[in-house]
Amino acid sequence: MLVEFSVENFRSLRERVTLSMIAARLRARNERMDSDNVIEMNDKLALLRSAMIYGANASGKSNIIQAVTFMRSFVMNSARLQDEDTISVEPFRLDTSGPISPSTFEIVFLMEGVQYRYGFSVTTRRVVAEWLYFIPTLREVELFIRDEEGIHLGARFREGRGLQELNLDNKLFLSVVAQFKKGDVARRVREWFRLTCRTLTAVDDRGYLPFTMDCIEQGRYRKPLEEFVCRLDLDIVGLNVEETPMPAHLAPIHDLITAMQKGASKNPNVQLDLPGLTADRTMKELRTSHAIRDEHGQVVEEQEFSAQAMESEGTQKLIALAGPLLDVLTKGLVLFLDEIDARLHPLITAAILKLFNSPTTNPKNAQIICTTHDTNLLDRQLFRRDQIYFVEKDAKAISHLYSLAEFKLANHEGAARTIRNDASFARDYIQGRYGAIPYLGDLSRLFIEELQREEHSDTISSPVGTAR
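All of the points below concern the structure found in this document. (Residues numbered from 1 in each chain as written. Predicted model: local features only at pLDDT ≥ 70, side-chain atom pairs only at ≥ 80, totals over all residues. Heavy atoms only, no water.)

### A few points about the packing of aromatic side chains
Logical step 1: One pass over the structure, following the stated rule, counts 23 aromatic pairs.
Logical step 2: When the centroid spacing of 6.2 Å and the interplanar angle of 45 degrees are considered together, the rings of tyrosine 54 and phenylalanine 390 count as tilted. Highlighted residues: tyrosine 54 in strand 5 (residues 50-55) and phenylalanine 390 in strand 17 (residues 388-393), separated in sequence by 336 residues.
Logical step 3: For phenylalanine 390, a relative accessible area of 0% corresponds to the buried category.
Logical step 4: Plain terms: the ring middles of phenylalanine 105 and phenylalanine 120 are 5.5 Å apart, the flat faces sit at 40 degrees to each other, and that makes the pair tilted. Here the residue phenylalanine 105 occupies a position in strand 6 (residues 103-111), and phenylalanine 120 occupies one in strand 7 (residues 114-122), the gap between them amounting to 15 residues.
Logical step 5: In this structure an aromatic cluster arises from ring pairing among Phe10, Phe70, Phe74, Phe105, Phe109, Tyr116, Tyr118, Phe120, Phe134, Trp192 and Phe193. (Phe/Tyr/Trp six-rings, centres within 6.5 Å; stacked < 30°, edge-to-face > 60°. Helix = DSSP H or I, 4+ residues; strand = E, 2+ residues; numbered from the N terminus. Buried < 20%, exposed > 50% of the residue type's maximum accessible area, 1.4 Å probe, protein only.)

### A short note on helix 2 (residues 61-77)
Logical step 1: Taking 1.5 Å of rise per residue, the 17 residues of helix 2 would be expected to cover 24 Å, and the 25 Å separating its terminal C-alpha atoms lies within 8% of that figure.
Logical step 2: The buried fraction of helix 2 is high, at 13 of 17 residues. (Expected span 1.5 Å × (residues − 1).)

### What about the sheet that holds strand 16 (residues 367-371)?
Logical step 1: Strand order in the open sheet formed by six strands is 11-15-16-5-17-18, and the pairing between neighbours is mixed. The open sheet terminates on both sides in strands that have one partner only, identified here as strand 11 (197-201) and strand 18 (399-403). When the angles between neighbouring strand axes are averaged without regard to direction, this sheet yields 15 degrees.
Logical step 2: Sheet topology places strand 17 next to strand 18; five bridges connect them, and they run antiparallel. From the neighbouring strand, valine 391 faces strand 18, where its bridge partner is leucine 401.
Logical step 3: Against the sheet, helix 2 touches strand 5, strand 11, strand 15 (334-338), strand 16, strand 17 and strand 18, its axis set at about 135 degrees to strand 11. (Pairing = 2+ DSSP bridges. Axes fitted to C-alpha atoms, helices over the stretch in contact; angles between N-to-C directions. Contact = heavy atoms within 4.5 Å.)

### Comments concerning the nonpolar core
Logical step 1: With 62 residues, the main nonpolar core has Phe105, Tyr118, Phe120 and Phe157 as its most contacted residues.
Logical step 2: The element that contributes the greatest number of residues to this core is helix 2, accounting for eight residues.
Logical step 3: Those residues in contact with phenylalanine 120, other than ones at most four positions away along the chain, are Phe70, Met71, Phe74, Val75, Ser103, Thr104, Phe105, Ala129, Glu130, Trp131 and Leu172. (Core = buried A, V, L, I, M, F, W, Y, C linked by side-chain atoms within 4.5 Å.)

### Focus: the packing of helix 9 (residues 313-331) against helix 10 (residues 346-357)
Logical step 1: The interhelical angle for the contact between helix 9 and helix 10, taken along N-to-C directions, is 10 degrees, at an axis separation of 11 Å. Classed by the angle they form, the pair helix 9 and helix 10 counts as roughly parallel. Considering how the two elements wind past one another, helix 9 and helix 10 form a crossing that is right-handed. Mapping the contact onto sequence places Leu318, Leu321, Leu325, Val328 and Leu329 in helix 9 and Ile348, Ile352, Leu355 and Phe356 in helix 10.
Logical step 2: Across the contact of helix 9 with helix 10, the residue classes tally to nine nonpolar, no polar and no charged. (Parallel < 35°, antiparallel > 145°, perpendicular 65-115°, else oblique. Left-handed = near helix turned anticlockwise from the far one by under 90°. Nonpolar A, V, L, I, M, F, W, Y, C, P; charged D, E, K, R; others polar.)

### Structural notes on the packing of helix 6 (residues 222-231) against helix 9
Logical step 1: Across the interface, helix 6 lies against helix 9 with an axial gap of 10 Å and an inter-helix angle of 130 degrees. In terms of axis orientation, helix 6 runs oblique to helix 9. In this structure, the crossing between helix 6 and helix 9 has a hand that is right-handed. Contacts between helix 6 and helix 9 involve Pro224, Leu225, Phe228 and Val229 from the first element and Leu318, Ile319, Ala322, Gly323, Leu325 and Leu326 from the second.
Logical step 2: Each residue belonging to the contact of helix 6 with helix 9 can be placed in one class, and the counts come to nine nonpolar, one polar and no charged.

### A look at the side chain of serine 78
Logical step 1: Here serine 78 is to be found in the loop between helix 2 and strand 6.
Logical step 2: When its relative accessible area of 1% is taken as the criterion, serine 78 is described as buried.
Logical step 3: Here the side chain of serine 78 touches leucine 172 through a polar contact of 3.1 Å, landing on its backbone nitrogen.
Logical step 4: Apart from the residues within four sequence positions on either side, serine 78 is in contact with Ser73, Asn170, Lys171, Leu172 and Ser175. (Polar contact = N/O pair within 3.5 Å; in protein donor to acceptor, adjacent residues only side chain to side chain.)

Listed below in structure tokens is the structure:
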């Protein structure tokens, strides 16, 4: 489970920001949410089931998801980099020190009841620092620390012995130990990133549609998938996957992508995929079944359609997203999802989030962290104040992250006060009381000035009448 994630000097996140899933000591207006939306780990720690991140376009909220994506990818793949390869990190570039300063990533998580804290600092050329701690009983214990002077191993990390002297300039020590040794700690930490921590973008469903199609084809989650889709009132009664011969005109594209995939396999920073593409030149197609009714409204048969040809983009996205969502809920994973509301109705988005916030539908304590613009979700009947985050850019184009639980408003006397649990979150946000909204200015003046310029230009260019 995720406790918190921090990042510094990555894209627009110049200064250190922390997304914390630790439940604050507050009370929701709806007391049920204080038990349902919160996971009591022990008498000292309670974690949130979900968190929503709001902000204007280009505010930097997606950069938080991308920071997690980079950290996850680098942990899994850095051991495979060649010595001359660069690190695909993207530091802040809008001041003189950002491009040359290291970017820092740190994550705190629970694995099998034990809390770990792992992080690293990197430039595009090398790993500057790296550290791993855990709490076996009451106090945090050092497993290893890497700095300019080398790698220091703690007494509980013997599996790292003999690897400190390797050329690790652009590689994470954790990844190398996990790959070359059968050590338990490094392997399990890397597996947490690979298996438990997931990142998705809801804008483009091509990346996870094959996963859902595979679930349907193999019968894994098939019944829950169909029930999930049908209960959201999409007039769909069944899902299926069929293999069809690849059209002749797509064969050259198939061969080109296959060749590119072979080349990309040598570079862990490049990923290529085409949903439905198979090695034997067939296409896997998602099919949806709809009920055909007689004049009395009774179902007499079913008609199957190509989802891509006949279903709306929103329906296709929801079906594609259903597989990863059910997988996360079933296994109790952590999901970072960018723009969950893209192409989905607000009620459907809310229904998905309610699945995570309910102990009944989320018994394995899965967590979801989403970015969104949907203000309908800013509802005190859905989320506590500590589940709502905002991202706002300052005058230097630096993104800042803050939660509604820590935000302060000035009262009539000018003193700062916290946000009340009975506040209208959506209304106050739209009115700009919490920040993190677009600054539009007076756009009407742009059009008025442009029209005036056009009228002035037309007057000058029109022919002058001759005198009589």
